[in-house]
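Results of the structural survey
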Amino acid sequence: MKNIIFFVTFLIVACSAEPITSSSIPVVDTVSVTESKIKVLNVGSFHFGTTSDATKVDFDESDLSNQQEIKTISKLIARFKPTIICLEFLPENEHEINQAYQAFLDHPSQLDSTYGELSMIGFDVARLSGLEKVYGIDNHMGYNYSLGDFIESSPELENSVDPQTYLELTNEPFKHHPEIGELDSRFDQLSLIEKLSLTNHPIMLDYSLNTNADKLLYVAIDNGFEGAEQAAQFYLRNMKIYSNLNRIKMTKNDRVLILMGSAHTAMLREFIQRSPKFELVDTLEYLKQ
């Protein structure tokens, strides 16, 4: 009997409640929320030196004009005034990397090309920002981002998911953005700052995610999930990188610069945009001369 009375009472209360409408949804004070978040400048780059990446860019690190352009870029990025700089190094290698950074501080007129863009830009921005150390947040995991190409080029295998979309993403990645495709087609002719600006364009970051992982979601053999499993390894690696970022003790007054390969930049952008902790600033604004 008590249960029946409770149920009827619940129905009366529920029916008398005000219906939820768009006007009853509270307005979020985005200004105060933003002010409480840690600012992050998330910069992607191609690798200046030797790389295992499928896409390589010819870049002479010892060329004096290249070195001068890098110094100019470092000054532009340093306007962000970072208090923490995170680079594509393993955390366990931080001691070695910071020894190299300290050696660079003794002779800053000559950029350190030992670690490519990480030491040439990363160290110089850290020096300009008066920082004592840099942080490594990388994590190493192997995965086969060429699996789809292997399946498509093997007559005995058949992509059982969606070969049409996979091939479109492979052969016409900028089908809906021809202006970006045109710039990408003459990437080698661009200045270094133009290359970095293009690399950090939102469309190029989306392309980086597609070409490294998401297009594998259109690939499998029979009823398997071979493509998804490889893409998951890429996602997992970047989740671990993001976890390493969150291991660093910081306050809302810190300003974090992240410098990594563009595929990692693209994935970190996804995590940071949803984060209650961080706020992304516009990378392209800091690459304007």
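Quick caveat: nothing in here was measured; it's all calculated off a predicted structure.

1. A few points about the side chain of D214
- Turning to its location among the elements, D214 is positioned in the loop between α10 (202-212) and α11 (226-247).
- Here D214 is buried and forms no salt bridge, its nearest opposite-charge partner R269 lying at an N-O distance of 8.4 Å.
- There is a polar contact of 2.7 Å between the side chain of D214 and the side chain of Y235.

2. Things to note about helix α12 (residues 262-273)
- With twelve residues, α12 extends 16 Å from end C-alpha to end C-alpha; this agrees with the ideal 16 Å at 1.5 Å per step.
- Burial within α12 is extensive, with nine of its twelve residues counted as buried.
- Three or more residues of α12 are buried, namely A263, H264, T265, A266, M267, L268, R269, F271 and I272.
- Its buried side turned inward, α12 meets β1 (38-45), α10, α11, β4 (255-261) and β5 (278-280).

3. With respect to a nonpolar patch on the surface
- Together, V161, L217 and Y218 make up a nonpolar patch on the protein surface, roughly 250 Å² of accessible area in all.
- Looking at where Y218 falls in the secondary structure, it is placed in the loop between α10 and α11.

4. Things to note about the packing of α10 against α12
- Running from N to C, α10 and α12 cross one another at 105°; their axes reach a closest spacing of 8 Å. Here α10 lies roughly perpendicular to α12, going by the angle between them. Of α12, the residues touching α10 (which contributes P202, L205, D206, S208, L209 and N212) are S262, A263, T265, A266, M267, R269 and E270.
- Of the residues contributing to the contact of α10 with α12, the split by class is six nonpolar, four polar and three charged.

5. As for the pattern of salt bridges
- Tallied over the full model, the rule gives nine salt bridges.
- The salt bridge partner of E168 is K175, with a shortest N-O separation of 3.3 Å.
- Classification of E168 by relative accessible area gives partly exposed; the value is 28%.
- When its relative accessible area of 44% is taken as the criterion, K175 is described as partly exposed.
- The salt bridge involving E285 is made with K288; its shortest N-O contact spans 2.8 Å.

6. Re the nonpolar core
- Formed by 41 residues in total, the largest nonpolar core has its most connected members in L41, I73, I77, I85, L87, I121 and F123.
- Mapped onto this core, the elements with two or more residues apiece are β1, α3 (64-78), β2 (84-87), α4 (94-106), α5 (117-128), α9 (192-199), α10 and β4.
- For this core, the element with the highest residue contribution is α5, accounting for six residues.
- Residues within four places of I85 in sequence aside, it is in contact with G122, V125, A126, L131, V134, Y135 and L257.
- I137, L205, I258 and A266 belong to the second largest nonpolar core, which has 31 residues in total.

7. Describing the sheet that holds strand β3 (residues 135-136)
- Here five strands make up an open sheet; going across it, the order is β3-β2-β4-β1-β5 and the pairing parallel. Single-partner strands in this sheet number two, and they are β3 and β5.
- When β2 meets β3, the two strands line up parallel, connected through two bridges. Within β3, the position partnered with C86 by the bridge is Y135.
- Of the strands in this sheet, β1, β4 and β5 are in contact with α12, which crosses β4 at around 140°.

8. Digging into the packing of aromatic side chains
- Tallying each qualifying case throughout the model produces twelve aromatic pairs.
- Geometrically, the ring pair formed by F174 and Y207 is tilted, given 4.8 Å between the ring centres and 40° between the ring planes. With F174 in the loop between α7 (163-171) and α8 (178-185) and Y207 in helix α10, this pair connects stretches of sequence that are 33 residues apart.
- With a centroid separation of 6.4 Å and 65° between ring planes, the pair formed by Y242 and F278 is classed as edge-to-face. In this pair, Y242 sits in helix α11 while F278 sits in strand β5, placing the two residues 36 residues apart along the sequence.
- Counting every residue linked through ring pairs, the aromatic cluster contains Y143, Y145, F234 and Y235.

Calculation notes
Residues numbered from 1 in each chain as written. Predicted model: local features only at pLDDT ≥ 70, side-chain atom pairs only at ≥ 80, totals over all residues. Heavy atoms only, no water. Helix = DSSP H or I, 4+ residues; strand = E, 2+ residues; numbered from the N terminus. Buried < 20%, exposed > 50% of the residue type's maximum accessible area, 1.4 Å probe, protein only. Lys, Arg positive; Asp, Glu negative; His and termini not counted. Salt bridge = Lys/Arg side-chain N within 4 Å of Asp/Glu carboxyl O. Polar contact = N/O pair within 3.5 Å; in protein donor to acceptor, adjacent residues only side chain to side chain. Expected span 1.5 Å × (residues − 1). Contact = heavy atoms within 4.5 Å. Patch = residues over 30% accessible without salt bridge, like charges linked within 9 Å, V, L, I, M, F, W, Y side chains within 5 Å. Areas by Shrake-Rupley, 256 points an atom, 1.4 Å probe, with all protein chains shown as cover. Axes fitted to C-alpha atoms, helices over the stretch in contact; angles between N-to-C directions. Parallel < 35°, antiparallel > 145°, perpendicular 65-115°, else oblique. Nonpolar A, V, L, I, M, F, W, Y, C, P; charged D, E, K, R; others polar. Core = buried A, V, L, I, M, F, W, Y, C linked by side-chain atoms within 4.5 Å. Pairing = 2+ DSSP bridges. Phe/Tyr/Trp six-rings, centres within 6.5 Å; stacked < 30°, edge-to-face > 60°.

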